[in-house]
Amino acid sequence: MRTSVVVIATAVALGSAALFLPARAQQQGGGMNAGDFGQRLVEGLQQIEGCVGVEAAMISGGKATIIAWFEDKAAAKRWYYSDMHRGVMMMAGGDMAREPMTHVADDIPIMVMATITPARQGQDPLPGVPMPISQISIEMYTPLPGGAMFNGRLTPMEIDIPHMRGTEMPEAAGDAAGA
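Model, not experiment: these values are computed from the prediction.

A. Geometry of the pairing of strand β1 (residues 51-58). For β1 and strand β2 (residues 64-70), the ladder comprises 7 bridges, and the chain directions are antiparallel. Bridge pairing in β2 links Glu55 to Ile67. Counting the residues between successive antiparallel strands, the hairpin from β1 to β2 contains 5 residues, one of them, Gly61, with a positive phi of roughly 85°.

B. Focus on the packing of aromatic side chains. Under the criterion given, the structure shown has 1 aromatic pair. Ring geometry for Tyr80 versus Tyr81: centroids 4.7 Å apart, planes at 85°, classification edge-to-face. Under the relative-accessibility criterion, Tyr81 is labelled partly exposed at 35%.

C. Structural detail: the nonpolar core. If you look at the biggest cluster of nonpolar residues, it comprises 20 residues, and the most contacted ones within it are Leu45, Cys51, Val54, Phe70 and Ile110. Residue assignment for this core shows that the elements contributing at least two residues are α2 (34-46), β1, β2, α3 (73-80), β3 (110-118) and β4 (133-141).

D. Layout of the pairing of β3. Counted residue by residue, β3 has 8 buried out of 9 residues, so it is predominantly covered. Two elements, β2 and β3, share 7 bridges in a ladder whose sense is antiparallel. The residue bridging Phe70 from the neighbouring strand is Ile110, located in β3. Bridge count between β3 and β4: 8 bridges; the pairing is antiparallel. For Thr117, the partnering residue across the bridge sits in β4 and is Gln135.

E. Main features of the pattern of salt bridges. According to the stated counting rule, one finds 3 salt bridges in the structure shown. The shortest N-O distance in the salt bridge between Arg78 and Glu71 comes to 3.9 Å. Since its relative accessible area comes to 31%, Arg78 is described here as partly exposed. Since its relative accessible area comes to 39%, Glu71 is described here as partly exposed.

F. Local environment of the sheet that holds β2. Taken together, 4 strands build an open sheet; the order of strands is β1-β2-β3-β4 and the sheet is antiparallel. In this open sheet, the two edge strands, each paired with only one partner strand, are β1 and β4. Strand-to-strand twist of the sheet, defined as the mean angle between neighbouring strand axes without regard to direction, takes the value 10°. On the sheet, α3 packs against β1, β2 and β3 and is oriented at approximately 125° with respect to β2.

G. The environment of Met58, seen in detail. Among the secondary structure elements, Met58 is positioned in strand β1. Between the alpha carbons of Met58 and Ile116 there is a distance of 9.7 Å; along the sequence they are 58 residues apart.

H. Looking closely at α3. Judged by how many residues are buried, α3 sits mostly within the fold: 6 of 8 residues are covered. All buried positions along α3 are accounted for by Lys73, Ala75, Ala76, Lys77, Trp79 and Tyr80.

I. Layout of the environment of Ile59. With respect to the helices and strands, Ile59 occurs in the loop between β1 and β2. In this structure Ile59 comes out as partly exposed when scored by relative accessible area, which is 32%. Distance from Ile59 to Thr115, taken between C-alpha atoms, is 9.1 Å for residues 56 residues apart in sequence. Residue contacts for Ile59: discarding those within four places in its chain leaves Thr65 and Thr115.

What counts and how
- Residues numbered from 1 in each chain as written.
- Predicted model: local features only at pLDDT ≥ 70, side-chain atom pairs only at ≥ 80, totals over all residues.
- Heavy atoms only, no water.
- Pairing = 2+ DSSP bridges.
- Helix = DSSP H or I, 4+ residues; strand = E, 2+ residues; numbered from the N terminus.
- Phe/Tyr/Trp six-rings, centres within 6.5 Å; stacked < 30°, edge-to-face > 60°.
- Buried < 20%, exposed > 50% of the residue type's maximum accessible area, 1.4 Å probe, protein only.
- Core = buried A, V, L, I, M, F, W, Y, C linked by side-chain atoms within 4.5 Å.
- Salt bridge = Lys/Arg side-chain N within 4 Å of Asp/Glu carboxyl O.
- Axes fitted to C-alpha atoms, helices over the stretch in contact; angles between N-to-C directions.
- Contact = heavy atoms within 4.5 Å.

Purely spatial values, then, with no claim about function.
Okay, structure coming up:
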């Protein structure tokens, strides 16, 4: 399963790197900088039917992350088989012949969280990866029943979380009028 997880989201990890690498590491061959590449990956994820949310962030410890939520396994596989993902996997030397997520249930929402750590000055980057990064981690999660929220949550509202407690505040009258 580890290989399937790596294969399904390596493009997300590379996009994560591209969004947050220091400027000195961003210039790539072919005239496209890594930031543009990362933005294209985020936009590509957003266009996948069943991808209900994408976030990119820098987290403590210097890691960059892209989080993508899929309504189910079929939606995540649409990303896996998309032209964009296939192209990135070919660039990174991934194994597209393996069936992804063979141990994942069909009818559950999936959050894919890809993190990368840029290589420090003088540190050897990962071999075969076209950006100067020292770590890639691609992890998949599904919501557990429960939790609490007040006026929003990390997981998109399109994904049902059973037994989630909380409330959404109605828009203020001025906000609704565009004031």
